[in-house]
Amino acid sequence: APEFPILEKQNWLIHLHYIRKDFEACKAVIKEQLQETQGLCEYAIYVQALILRLEGNIQESLGLFQMCAVLSPQCADNLKQVARSLFLLGKHKAAIEVYNEAAKLNQKDWEICHNLGVCYIYLKQFDKAQDQLLNALHLNRHDLTYIMLGKIFLLKGDLDKAIEIYKKAVEFSPENTELLTTLGLLYLQLGIYQKAFEHLGNTLTYDPTNHKAILAAGSMMQTHGDFDVALTKYKVAACGVTESPPLWNNIAMCFFGKKKYVAAISCLKRANYLAPLEWKILYNLGLVHLTMQQYASAFHFLSAAINFQPKMGELYMLLAGSSAIAFTLSVAVALTNLEDTENAKRAYEEAVRLDKCNPLVNLNYAVLLYNQGEKRGALAQYQEMEKKVNLLKYSSSLEFDPEVLEEHPSSQSHHPFLWSQSPLWKHNPRKHQHKPEKSRCRMTLELGFLWRGPTGLGKVP
């Protein structure tokens, strides 16, 4: 009687080559095994598909995983791999269908629930994603599931819920530096500096070279004017990530705070070289040139910043408006000093249109009109500023020049002027003052964007 080949006789050798990442030898054994078994060895096909996917041939790997699913239709792992390949191809709806089929075969697999949640996130179906991730946590608590669940609440704009999730995650995994850093950055965004510094310090305890935590901690010190300590932190980060645009941006703003403007421009030029389309860097370049009274260069960079300003998500729509106002006001100041009065007026009018509550816009516009002899217009803008000040006098959202406060005591308020690309990036407000020769009034402008550390959806398993 003919002897039938044993389908699994070389599986051990295939596995050995695969875990050693000796893929060429592994593929040779797989080819031999498939020839002997006439293409019926499921494990050989499965490993070949894994290798193809690692090599970037995702479409070919999908076909092989589908063959495995045909050979063993009751195996949930094969369906999970089919869904994974569909996910990597960007076919999220198809991946969800296959994951649901796999869930019918194994209802207690946390990974299926987790990956379903991630697919729903990419489809922006956050409620379904939240349900699936909570199911995954019920089956098996895992760091990555906590991270993805927290990011759902961040995308919804619910910072309190996000902090609650990350606190539970840190209790479960207290040495996870990504969780500690993210929680610290969230506290930083809410202005709870003590807890932020505590969690960022814990991150640096476990990983002294964590550049995200160093960037955030340095920006806190920089915000409070401790530029030398911040530069010391950034020096450590620069050893690990020498080509980081956010890092060089913050280093530059440290030099700007120390009034070393040439060094600030040099660092910002390096940041701009690494990220030429990043509007925050261009904005800071414009502000430094404005401080050095190089108004043509300031106008050039500020105009570029306006052109390259990215569209922000729904969560930061209001803050995007504030950024546009800052650009318009900066351009208006630059145009004023370039003696381009007509375009400066247009810029101020645009700034007034964009911002209905910031008195600084009306104050600077009044200075321009007063210097041009248009006293009625200047008076109208000044009166409009007074109305806004009266509305905001009990708010901590505006800050005026001290000399302006002396002339107008009722205008005592503070302006945070915050901006964030993700829940975890901010800029540091700094004042620039220009004294026009023709008026005792003072033009006020708030300067400087700082990075606190970026976040995104992160890696998906």
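Residues numbered from 1 in each chain as written. Predicted model: local features only at pLDDT ≥ 70, side-chain atom pairs only at ≥ 80, totals over all residues. Heavy atoms only, no water.

Student: Hey, could you go over the overall build of the protein for me, with residue numbers and the actual values?
Tutor: Counting secondary structure elements, the protein contains 23 helices and two strands. Taking contacts inside the protein between residues at least 6 apart in sequence as the whole, the part at least 24 apart equals 53%. (Helix = DSSP H or I, 4+ residues; strand = E, 2+ residues; numbered from the N terminus. Contact = heavy atoms within 4.5 Å.)

Student: Tell me about the side chain of Asn11, and please be specific about residues and values.
Tutor: Take Asn11: it is sitting in helix H1 (residues 11–19). Excluding anything up to four places from it in sequence, Asn11 contacts Gln33, Cys41 and Tyr43.

Student: Give a detailed account of the packing of helix H21 (residues 359–371) against helix H22 (residues 375–392), specifying residues and quantitative values.
Tutor: Each pair of packed helices can be described by the angle between their axes along with the distance between the axes. Direction vectors running N to C along H21 and H22 enclose 160°, while the axes themselves pass 8 Å from each other. Classified by the angle their axes make, H21 and H22 are roughly antiparallel. At the point where H21 passes H22, the crossing takes the left-handed sense. Of the residues in H22, those touching H21 at Pro359, Asn362, Leu363, Tyr365, Ala366, Leu369 and Tyr370 are Gly377, Ala378, Gln381, Tyr382, Glu384, Met385, Lys388, Val389 and Leu392. Tallied by class, the residues present in the contact of H21 with H22 amount to 11 nonpolar, three polar and two charged. (Axes fitted to C-alpha atoms, helices over the stretch in contact; angles between N-to-C directions. Parallel < 35°, antiparallel > 145°, perpendicular 65-115°, else oblique. Left-handed = near helix turned anticlockwise from the far one by under 90°. Nonpolar A, V, L, I, M, F, W, Y, C, P; charged D, E, K, R; others polar.)

Student: Explain the packing of aromatic side chains to me, using residue names and the numbers behind them.
Tutor: Summed over all chains, the structure comprises five aromatic pairs. Where Tyr146 meets Phe172, the ring centres are 6.0 Å apart and the plane angle is 45°; that geometry is what we call tilted. Highlighted residues: Tyr146 in helix H9 (residues 143–156) and Phe172 in helix H10 (residues 159–172), separated in sequence by 26 residues. For Tyr146, a relative accessible area of 6% corresponds to the buried category. For the ring pair Phe256 and Tyr261, a centre distance of 5.7 Å and an interplane angle of 55° mean the geometry is tilted. With a relative accessible area of 9%, Phe256 lands in the buried category. (Phe/Tyr/Trp six-rings, centres within 6.5 Å; stacked < 30°, edge-to-face > 60°. Buried < 20%, exposed > 50% of the residue type's maximum accessible area, 1.4 Å probe, protein only.)

Student: Provide a residue-level description of the pattern of salt bridges, including the pertinent values.
Tutor: Counted according to the given criterion, the structure contains 11 salt bridges. Between Lys80 and Asp109 there is a salt bridge whose closest N-O contact spans 2.8 Å. Here Lys80 is found in helix H5 (residues 76–88), whereas its partner Asp109 is found in the loop between helix H6 (92–105) and helix H7 (110–122), with 29 residues between them in sequence. For Glu101, the salt bridge identified is with Lys104, shortest N-O distance 3.4 Å. Of this pair, Glu101 and Lys104 are both found in helix H6, three residues apart, which corresponds to roughly one turn of the helix. By relative accessible area, which is 41% here, Glu101 ends up partly exposed. Taking the relative accessible area as the measure of exposure, Lys104 reaches 59% and is therefore exposed. (Salt bridge = Lys/Arg side-chain N within 4 Å of Asp/Glu carboxyl O.)

Student: Please provide a residue-by-residue account of unusual backbone geometry, values included.
Tutor: The backbone phi angle of Gln38 is positive, close to 55°, even though this residue is not glycine. Looking at the secondary structure, you find Gln38 in the loop between helix H2 (23–37) and helix H3 (42–54). Taking relative accessible area as the criterion, Gln38 reaches 70% and is therefore assigned exposed.

Student: Explain the confidence of the model for the protein residue by residue, including any values.
Tutor: In this model, the protein carries a mean pLDDT of 78, and residues with pLDDT of at least 70 account for 77%. Ranking the helices and strands of the protein by mean pLDDT puts H7 first, with 94, and strand S2 (residues 443–447) last, with 36. Within the model, pLDDT remains below 50 along residues 310–323, and this stretch shows 21 contacts once partners closer than five positions in the same chain are excluded. Counted against residues more than four places away or in other chains, residues 454–461, with its pLDDT under 50, gives 23 contacts. (pLDDT = per-residue confidence, 0-100.)

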